[in-house]
Amino acid sequence: MADPYRIVEVKPEWIINQEDMGTKTKFWYRDPDDDVNWLFKYPRQNTGEHWAEKIAAEVASVLGVRHAKVELARFEGACGSATESFVRGGRALCHGNELLEWTVGGYDPKKKFHQSEHTLANIFVGMDYVFENPEDASLAKRTLAEYVVLDALIGNTDRHHENWGLLRRLEGNGLRGILFLAPSFDHATSLGRELLDERRNRFLKENRVGGYVEKGRGAIYWSEDERRGPSPLELVRRAVRTYPDLFRPAGLKLAEIDENVFSQIVDRIPADWMTSLARVFTVALLGYNYRPKYTTVI
Ligand SMILES: Nc1ncnc2c1ncn2[C@@H]1O[C@H](COP(=O)(O)OP(=O)(O)OP(=O)(O)O)[C@@H](O)[C@H]1O
Ligand SMILES: [Mg+2]
């Protein structure tokens, strides 16, 4: 078996500032021996958000999806995750809600829940608007399609409009100077990380891992008149039919993965960071999401 993932020990003197965006407690730090900033995130109590971040990033790597690098990290004895910043070199992050506010009439960028205008179709409209060159727009859409397929694979139900974005030149204004889609980030709400072992056990015993996945509600909607977003897996099932050209490359990447890689990724989480049941459940969830019918459409 491969070595466990390393654990970064974050020192108090490395802290730069708290990050106020998002809902979890977290701060930015920089190791003096490193030249980039990292975001330390505490998991919510009784959740596996820290290992979910790490496993999701490793799954993104094998899938070949651009993503922020993640390490397991510890701060003052607390376990967490650390995410490498991709905002550097004179660039800034423009969140999805900013793009949609500018490009979709009446879009409310502050709406946190039930933002049913946050549809795949509206996101694609925004991209067509913001990239002057159709090739650039198409690349951004195909890259987002890869994030959507990653979400379906890991069961990420939190791809809301501040959990994806575009990188732009720092000196740019508004939508001017947009360069490309930012790497995928914030995968903490995935892999059944909120479940307690008792429920995991029940789902596994009763063969209901699929039922759990299908009940999940994602933060990207299919149509504005839906009350709730489809599950991340259902979103992909619909999207491959409507946008086959955009989703085909992501589907092909998925088809190339060997299913055994999931247990190899999960096994590398250090022993006391994740229970055995959480490991079995996570691998079962990845397996369920990996074997769907949508690849046959592609
Ligand atoms: N790798 C990164 N590089 C640059 N900025 C980042 C990165 N990861 C996160 N951020 C910024 O920090 C904010 C908060 O981070 P993140 O989304 O991971 O936190 P969260 O508390 O889990 O959020 P949520 O409320 O969506 O659960 C993001 O909205 C984004 O602006
Ligand atoms: Mg977030």
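Keep in mind the model is a prediction, meaning the values are calculated, not measured. (Residues numbered from 1 in each chain as written. Chains lettered and ligands numbered in written order. Predicted model: local features only at pLDDT ≥ 70, side-chain atom pairs only at ≥ 80, totals over all residues. Heavy atoms only, no water.)

(A) Just the overall build of the protein, in detail. Within the protein, the regular secondary structure consists of 11 helices and 9 strands. Once the C-alpha set of the protein is aligned to its principal axes, its extents read approximately 50 × 50 × 35 Å. The 298 residues of the protein split such that 53% are buried. The contacts of the protein with a sequence gap of at least 6 include a subset with a gap of at least 24, amounting to 67%. The positive charge centre, built from 41 side chains, and the negative charge centre, built from 44, are 4 Å apart in the protein. (Helix = DSSP H or I, 4+ residues; strand = E, 2+ residues; numbered from the N terminus. Buried < 20%, exposed > 50% of the residue type's maximum accessible area, 1.4 Å probe, protein only. Contact = heavy atoms within 4.5 Å. Lys, Arg positive; Asp, Glu negative; His and termini not counted. Charge placed at Lys NZ, Arg CZ, Asp CG, Glu CD.)

(B) Quick look at the domain arrangement of the protein. When its domains are assigned, the protein resolves into domain 1 (7-84) and domain 2 (95-297). Each of domain 1 and domain 2 was reduced to a C-alpha centroid, and the two centroids are 20 Å apart. Listed as interface residues are 31 residues of domain 1 and, on the opposing side, 37 residues of domain 2. Across the domain 1 to domain 2 interface the summed buried area is about 2,700 Å²; carbon plus sulfur atoms make up 73%. In terms of surface lost to domain 2, no three residues of domain 1 exceed Trp 51, Leu 63 and Arg 66, which account for 27% of the buried area on that side. On the surface where domain 1 and domain 2 come into contact, there are 3 salt bridges. Of the charged contacts, one joins Asp 186 and Lys 41 as a salt bridge, the two residues approaching to 3.1 Å between their closest N and O atoms. Put simply, the parts of the chain that give the side of domain 1 that touches domain 2 at least two residues each are α1 (49-63), β5 (70-75) and β6 (78-84). If one sorts the elements of the side of domain 1 that touches domain 2 by residue count, α1 sits on top with 13 residues. The class makeup of the residues in the side of domain 1 that touches domain 2 is 15 nonpolar, 7 polar and 9 charged. (Domains from an automatic or database assignment. Buried area = accessible area lost by both parts, 1.4 Å probe. Salt bridge = Lys/Arg side-chain N within 4 Å of Asp/Glu carboxyl O. Nonpolar A, V, L, I, M, F, W, Y, C, P; charged D, E, K, R; others polar.)

(C) The arrangement of the site of ligand 1 in detail. As a structural note, the neighbourhood of ligand 1 is formed by 23 residues, with Lys 24, Lys 41, His 95, His 160 and Asp 186 the closest of them. Here Lys 41 contributes a side-chain N or O atom positioned 2.6 Å from an oxygen atom of ligand 1. For ligand 1, the accessible surface in isolation is 620 Å², of which the surrounding protein chains cover 95%. Those elements that provide at least two residues to the shell around ligand 1 are β3 (26-29), β4 (38-41), β6 and β7 (91-95). Its residues placed into classes, the shell around ligand 1 shows 8 nonpolar, 7 polar and 8 charged. Two domains each provide a minimum of three residues to the shell around ligand 1, namely domain 1 (7-84) and domain 2 (95-297). (Near = heavy atom within 4 Å. Polar contact = N/O pair within 3.5 Å; in protein donor to acceptor, adjacent residues only side chain to side chain. Areas by Shrake-Rupley, 256 points an atom, 1.4 Å probe, with all protein chains shown as cover.)

(D) Quick look at the sheet that holds strand β8 (residues 165-169). With antiparallel pairing, the 3 strands of this open sheet are ordered in space as β7-β8-β9. This sheet does not close on itself; its edge strands, each paired only once, are β7 and β9 (178-181). Between one strand and the next, the sheet's axes are offset by a mean angle of 35°, whatever the strand orientation. Sheet contacts for helix α2 (residues 96-103): β7 and β8; angle to β7, the most-contacted strand, approximately 65°. (Pairing = 2+ DSSP bridges. Axes fitted to C-alpha atoms, helices over the stretch in contact; angles between N-to-C directions.)

(E) A look at the pattern of salt bridges. By the definition in use, this model includes 23 salt bridges. Between Arg 6 and Glu 71 there is a salt bridge, and its shortest N-O distance comes to 3.4 Å. With Arg 6 in the segment before β1 (7-10) and Glu 71 in strand β5, this pair connects stretches of sequence that are 65 residues apart. Judged by relative accessible area, which is 8%, Glu 71 ranks as buried. Ionic pairing is found between Glu 146 and Lys 253, a salt bridge with its closest N-O pair at 3.0 Å. Taken as a pair, Glu 146 in helix α4 (residues 134-154) and Lys 253 in helix α8 (residues 244-256) lie far apart in primary sequence, 107 residues in all. Of the residues examined, Glu 146 reaches a relative accessible area of 12% and is grouped as buried. Look at Lys 253 and you get partly exposed, because its relative accessible area is 28%.

(F) Structural detail: the packing of aromatic side chains. The tally for this structure, following the rule as stated, stands at 14 aromatic pairs. With 5.0 Å between their ring centres and 80° between their planes, Phe 40 and Tyr 42 make a pair best called edge-to-face. Note on Tyr 212 and Phe 281: the rings are 5.6 Å apart at their centroids and 70° apart in plane angle, and the pair reads as edge-to-face. Taken as a pair, Tyr 212 in helix α6 (residues 209-215) and Phe 281 in helix α10 (residues 276-290) lie far apart in primary sequence, 69 residues in all. Taken individually, Tyr 212 and Phe 281 each receive the classification buried, so the pair is uniform in this respect. Feature note: the residues Trp 14, Phe 27, Tyr 29, Phe 40, Tyr 42 and Phe 75 constitute an aromatic cluster, connected by ring pairs. It is Lys 54 that lies over the ring of Tyr 5; its NZ or CZ is 4.6 Å from the centre. (Phe/Tyr/Trp six-rings, centres within 6.5 Å; stacked < 30°, edge-to-face > 60°. Lys NZ or Arg CZ within 6 Å of the ring centre and 35° of its normal.)

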